[in-house]
Amino acid sequence: MTGRLGAFDARRAARGRIRFLTGFLLVSAEAARMDRPDKTMYFLRIALAVAARSTCLRRKFGAVIVKGNTIVGTGYNGTAKGVVNCYEVGCIKDEMGLPQDRAYDLCPAVHAEENAIINSSRTDRIGATLYIAGLDADGNYTVAVPCLRCRRKIINSEIEEVVILDSAGEPLRYNVDGWIAEDTEWYLRELERTRLGE
(Lines give C-alpha, C1' and ligand atoms only; values in the text may rest on other atoms or scores of the structure.)
Protein backbone atom coordinates (compact mmCIF):
# COMPACT_ATOMS: atom_id res chain seq x y z
CA MET A 1 0.00 0.00 0.00
CA THR A 2 2.74 2.42 0.85
CA GLY A 3 4.49 1.48 -2.38
CA ARG A 4 1.34 2.21 -4.40
CA LEU A 5 0.74 5.47 -2.60
CA GLY A 6 4.36 6.40 -3.18
CA ALA A 7 4.01 5.64 -6.90
CA PHE A 8 0.73 7.61 -7.05
CA ASP A 9 2.34 10.59 -5.34
CA ALA A 10 5.28 10.39 -7.74
CA ARG A 11 2.92 10.39 -10.76
CA ARG A 12 0.91 13.27 -9.31
CA ALA A 13 4.08 15.19 -8.58
CA ALA A 14 5.32 14.48 -12.11
CA ARG A 15 2.03 15.78 -13.57
CA GLY A 16 2.39 18.89 -11.42
CA ARG A 17 5.89 19.45 -12.77
CA ILE A 18 4.70 18.97 -16.33
CA ARG A 19 1.87 21.41 -15.74
CA PHE A 20 4.35 23.82 -14.21
CA LEU A 21 6.83 23.36 -17.06
CA THR A 22 4.06 23.68 -19.63
CA GLY A 23 2.89 26.90 -18.01
CA PHE A 24 6.47 28.16 -17.98
CA LEU A 25 6.90 27.29 -21.64
CA LEU A 26 3.64 29.03 -22.55
CA VAL A 27 4.67 32.17 -20.72
CA SER A 28 8.11 32.06 -22.33
CA ALA A 29 6.63 31.47 -25.78
CA GLU A 30 4.18 34.35 -25.25
CA ALA A 31 7.00 36.63 -24.19
CA ALA A 32 9.03 35.51 -27.19
CA ARG A 33 6.16 36.35 -29.54
CA MET A 34 6.00 39.88 -28.15
CA ASP A 35 9.71 40.43 -28.87
CA ARG A 36 9.83 38.39 -32.06
CA PRO A 37 11.31 40.57 -34.83
CA ASP A 38 9.92 40.65 -38.32
CA LYS A 39 12.11 39.13 -41.06
CA THR A 40 13.73 42.45 -41.90
CA MET A 41 14.92 43.09 -38.34
CA TYR A 42 15.80 39.41 -37.93
CA PHE A 43 18.28 39.57 -40.82
CA LEU A 44 19.56 43.01 -39.79
CA ARG A 45 20.26 41.70 -36.28
CA ILE A 46 22.14 38.79 -37.81
CA ALA A 47 24.15 41.35 -39.81
CA LEU A 48 25.01 43.09 -36.52
CA ALA A 49 26.18 39.75 -35.09
CA VAL A 50 28.37 39.24 -38.17
CA ALA A 51 29.77 42.77 -37.68
CA ALA A 52 31.22 41.68 -34.33
CA ARG A 53 33.99 39.90 -36.31
CA SER A 54 35.13 43.17 -37.90
CA THR A 55 38.69 44.33 -37.29
CA CYS A 56 37.91 48.01 -38.00
CA LEU A 57 38.53 50.43 -35.13
CA ARG A 58 36.09 53.06 -36.41
CA ARG A 59 32.98 51.25 -37.60
CA LYS A 60 32.00 47.58 -37.62
CA PHE A 61 29.73 46.45 -40.44
CA GLY A 62 28.13 43.11 -41.17
CA ALA A 63 26.33 42.04 -44.32
CA VAL A 64 23.97 39.14 -44.95
CA ILE A 65 22.72 38.05 -48.38
CA VAL A 66 19.31 36.40 -48.24
CA LYS A 67 17.37 34.61 -50.95
CA GLY A 68 14.01 33.01 -50.26
CA ASN A 69 14.44 33.63 -46.49
CA THR A 70 17.68 31.62 -46.56
CA ILE A 71 21.07 33.15 -45.77
CA VAL A 72 23.37 32.49 -48.73
CA GLY A 73 26.35 34.67 -47.78
CA THR A 74 27.78 36.78 -44.97
CA GLY A 75 30.66 39.20 -44.63
CA TYR A 76 32.16 41.81 -42.34
CA ASN A 77 34.59 44.65 -42.97
CA GLY A 78 38.21 43.79 -42.44
CA THR A 79 41.49 43.43 -44.27
CA ALA A 80 42.14 40.79 -46.91
CA LYS A 81 43.22 37.40 -45.58
CA GLY A 82 46.75 37.52 -44.20
CA VAL A 83 47.10 41.31 -44.39
CA VAL A 84 47.87 43.14 -41.15
CA ASN A 85 44.78 44.88 -39.81
CA CYS A 86 44.01 48.06 -37.91
CA TYR A 87 42.92 46.09 -34.86
CA GLU A 88 46.55 44.98 -34.49
CA VAL A 89 48.50 48.09 -35.54
CA GLY A 90 46.18 51.10 -35.62
CA CYS A 91 44.24 53.06 -38.22
CA ILE A 92 46.05 55.23 -40.77
CA LYS A 93 42.89 57.28 -41.37
CA ASP A 94 42.75 58.08 -37.64
CA GLU A 95 46.44 59.08 -37.73
CA MET A 96 45.73 61.41 -40.68
CA GLY A 97 42.45 62.77 -39.25
CA LEU A 98 40.46 61.65 -42.31
CA PRO A 99 36.66 61.27 -42.31
CA GLN A 100 35.07 57.84 -42.19
CA ASP A 101 33.43 57.88 -45.58
CA ARG A 102 36.45 59.05 -47.61
CA ALA A 103 39.99 57.97 -48.55
CA TYR A 104 39.06 54.35 -49.19
CA ASP A 105 42.31 53.95 -51.11
CA LEU A 106 44.24 54.32 -47.84
CA CYS A 107 42.16 51.76 -45.96
CA PRO A 108 43.23 48.09 -46.27
CA ALA A 109 39.71 46.85 -45.51
CA VAL A 110 37.43 44.85 -47.73
CA HIS A 111 33.89 46.11 -47.10
CA ALA A 112 31.27 43.89 -45.48
CA GLU A 113 29.09 43.74 -48.59
CA GLU A 114 32.12 42.90 -50.74
CA ASN A 115 32.99 40.00 -48.44
CA ALA A 116 29.39 38.77 -48.45
CA ILE A 117 29.45 38.78 -52.25
CA ILE A 118 32.81 36.96 -52.30
CA ASN A 119 31.49 34.40 -49.78
CA SER A 120 28.40 33.52 -51.82
CA SER A 121 27.49 31.81 -55.06
CA ARG A 122 26.52 33.92 -58.07
CA THR A 123 23.31 31.98 -58.66
CA ASP A 124 22.33 32.51 -55.02
CA ARG A 125 22.86 36.28 -55.30
CA ILE A 126 20.66 36.82 -58.36
CA GLY A 127 17.39 38.35 -57.13
CA ALA A 128 18.53 38.28 -53.49
CA THR A 129 18.31 40.91 -50.75
CA LEU A 130 21.41 42.26 -49.03
CA TYR A 131 21.08 43.34 -45.38
CA ILE A 132 23.80 45.62 -43.94
CA ALA A 133 24.10 46.91 -40.39
CA GLY A 134 26.84 48.60 -38.45
CA LEU A 135 27.97 50.15 -35.18
CA ASP A 136 30.42 52.97 -34.56
CA ALA A 137 33.26 52.86 -32.05
CA ASP A 138 30.86 53.96 -29.28
CA GLY A 139 28.40 51.15 -30.05
CA ASN A 140 25.81 53.38 -31.73
CA TYR A 141 24.10 52.47 -34.99
CA THR A 142 25.86 53.94 -37.98
CA VAL A 143 24.37 54.38 -41.44
CA ALA A 144 25.46 51.54 -43.69
CA VAL A 145 24.84 52.95 -47.18
CA PRO A 146 27.24 51.20 -49.57
CA CYS A 147 29.94 53.30 -51.23
CA LEU A 148 29.97 53.71 -55.03
CA ARG A 149 32.53 50.91 -55.43
CA CYS A 150 30.31 48.49 -53.50
CA ARG A 151 27.15 49.66 -55.23
CA ARG A 152 28.67 48.66 -58.55
CA LYS A 153 29.54 45.23 -57.22
CA ILE A 154 26.01 44.86 -55.88
CA ILE A 155 24.61 45.87 -59.27
CA ASN A 156 26.81 43.35 -61.08
CA SER A 157 25.86 40.65 -58.56
CA GLU A 158 22.23 41.18 -59.60
CA ILE A 159 21.11 41.64 -56.01
CA GLU A 160 17.65 43.26 -56.20
CA GLU A 161 17.33 45.10 -52.92
CA VAL A 162 19.56 46.43 -50.15
CA VAL A 163 18.23 46.97 -46.64
CA ILE A 164 20.31 48.91 -44.12
CA LEU A 165 19.92 50.22 -40.59
CA ASP A 166 19.90 53.98 -40.23
CA SER A 167 21.47 55.81 -37.28
CA ALA A 168 18.25 55.35 -35.26
CA GLY A 169 18.21 51.58 -35.81
CA GLU A 170 15.36 51.72 -38.34
CA PRO A 171 15.49 49.85 -41.65
CA LEU A 172 15.89 51.71 -44.94
CA ARG A 173 15.31 49.98 -48.29
CA TYR A 174 17.05 50.65 -51.59
CA ASN A 175 16.04 49.27 -54.95
CA VAL A 176 19.27 48.48 -56.81
CA ASP A 177 17.73 49.60 -60.12
CA GLY A 178 17.67 53.11 -58.67
CA TRP A 179 21.44 52.94 -58.17
CA ILE A 180 21.91 51.99 -61.83
CA ALA A 181 20.08 55.16 -62.86
CA GLU A 182 22.00 57.31 -60.33
CA ASP A 183 25.38 55.97 -61.43
CA THR A 184 24.52 56.55 -65.10
CA GLU A 185 23.42 60.13 -64.41
CA TRP A 186 26.54 60.80 -62.33
CA TYR A 187 28.86 59.50 -65.03
CA LEU A 188 27.20 61.47 -67.84
CA ARG A 189 27.33 64.63 -65.70
CA GLU A 190 31.04 64.12 -64.91
CA LEU A 191 31.83 63.36 -68.55
CA GLU A 192 30.08 66.54 -69.67
CA ARG A 193 31.94 68.62 -67.05
CA THR A 194 35.23 67.15 -68.21
CA ARG A 195 34.46 67.91 -71.87
CA LEU A 196 33.58 71.48 -70.95
CA GLY A 197 36.91 71.81 -69.11
CA GLU A 198 35.35 72.38 -65.69
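These figures come from a predicted structure and were not determined experimentally.

Basis of the calculations
- Residues numbered from 1 in each chain as written.
- Predicted model: local features only at pLDDT ≥ 70, side-chain atom pairs only at ≥ 80, totals over all residues.
- Heavy atoms only, no water.
- Patch = residues over 30% accessible without salt bridge, like charges linked within 9 Å, V, L, I, M, F, W, Y side chains within 5 Å.
- Areas by Shrake-Rupley, 256 points an atom, 1.4 Å probe, with all protein chains shown as cover.
- Salt bridge = Lys/Arg side-chain N within 4 Å of Asp/Glu carboxyl O.
- Helix = DSSP H or I, 4+ residues; strand = E, 2+ residues; numbered from the N terminus.
- pLDDT = per-residue confidence, 0-100.
- Contact = heavy atoms within 4.5 Å.
- Pairing = 2+ DSSP bridges.
- Core = buried A, V, L, I, M, F, W, Y, C linked by side-chain atoms within 4.5 Å.
- Buried < 20%, exposed > 50% of the residue type's maximum accessible area, 1.4 Å probe, protein only.
- Arc of directions from axis to C-beta.
- Phe/Tyr/Trp six-rings, centres within 6.5 Å; stacked < 30°, edge-to-face > 60°.
- Axes fitted to C-alpha atoms, helices over the stretch in contact; angles between N-to-C directions.
- Parallel < 35°, antiparallel > 145°, perpendicular 65-115°, else oblique.
- Left-handed = near helix turned anticlockwise from the far one by under 90°.
- Nonpolar A, V, L, I, M, F, W, Y, C, P; charged D, E, K, R; others polar.

(A) Inspection of a nonpolar patch on the surface at higher detail. A cluster of nonpolar side chains, contributed by Val-83, Val-84 and Val-89, occupies part of the molecular surface with about 260 Å² of accessible area. Within the element layout of this structure, Val-89 appears in helix H3 (residues 86-89).

(B) Region of interest: the confidence of the model for the chain. In the predicted model, the chain carries a mean pLDDT of 85, and the fraction of residues at 70 or more is 83%. Taken element by element, the chain is modelled with least confidence in helix H1 (residues 2-35), mean pLDDT 46, and with most confidence in strand E2 (residues 70-76), mean pLDDT 98. Across residues 1-5, confidence stays below pLDDT 50; counting only partners more than four residues off in sequence or on other chains, it has 0 contacts. The model gives residues 7-29 a pLDDT under 50, and that stretch makes 0 contacts with residues more than four places away or in other chains.

(C) Structural context of the pairing of E2. Bridging between strand E1 (residues 59-67) and E2 involves 6 bridges; their strand directions are antiparallel. Bridging across to E2, Ile-65 finds its partner in Gly-73. A loop of 2 residues connects E1 with E2, the two strands running antiparallel in sequence, and Gly-68 in this loop sits at a positive phi of about 60°.

(D) Quick peek at the nonpolar core. Core analysis: the biggest nonpolar cluster contains 18 residues, and Ile-65, Leu-130, Ile-132, Ile-154 and Val-162 have the highest contact counts within it. Those elements giving two or more residues to this core turn out to be E1, helix H5 (112-118), strand E5 (129-136), helix H7 (148-157), strand E6 (161-165) and helix H8 (176-195).

(E) Just H7, in detail. For H7, the complete set of buried residues consists of Cys-150, Arg-151, Ile-154, Ile-155 and Ser-157. One face of H7 carries all of its buried residues, which in axial projection span an arc of 165°. Count one or two residues on from H7 and you reach Glu-158, which has phi positive near 65°.

(F) Up close: the packing of aromatic side chains. For the structure on display, the rule yields 4 aromatic pairs. Ring centres of Phe-43 and Tyr-131 lie 5.2 Å apart, and the angle between their planes is 35°; on these two criteria the pair is classed as tilted. On the criterion of sequence distance, the pair formed by Phe-43 in helix H2 (residues 39-51) and Tyr-131 in strand E5 is long-range, its members being 88 residues apart. This pair shows no difference in class: Phe-43 is buried, exactly as Tyr-131 is. On the numbers, 6.3 Å between centres and 50° between planes, the contact of Trp-186 with Tyr-187 is tilted. The exposure class assigned to Tyr-187 is partly exposed, which follows from its relative accessible area of 48%.

(G) Quick look at the packing of H7 against H8. One can describe the packing of H7 onto H8 by two numbers: an axis separation of 10 Å at closest approach and a directional angle of 125°. Classified by the interaxial angle, the pair formed by H7 and H8 is oblique. Helix-helix and strand crossings are classified by hand; for H7 and H8 the assignment is left-handed. Taken together, the residues of H8 that come into contact with H7 (itself represented by Leu-148, Arg-151, Arg-152, Ile-154 and Ile-155) are Val-176, Trp-179, Ile-180, Glu-182, Asp-183 and Trp-186. Tallied by class, residues from the contact of H7 with H8 come to 7 nonpolar, no polar and 4 charged.

(H) Up close: unusual backbone geometry. Its identity is not glycine, yet Asn-69 carries a phi of approximately 65°, on the positive side. With respect to the helices and strands, Asn-69 occurs in the loop between E1 and E2. In this structure, Glu-158 is a non-glycine residue whose phi angle is positive, near 65°. Along the chain, the position of Glu-158 falls in the loop between H7 and E6. Since its relative accessible area comes to 38%, Glu-158 is described here as partly exposed.

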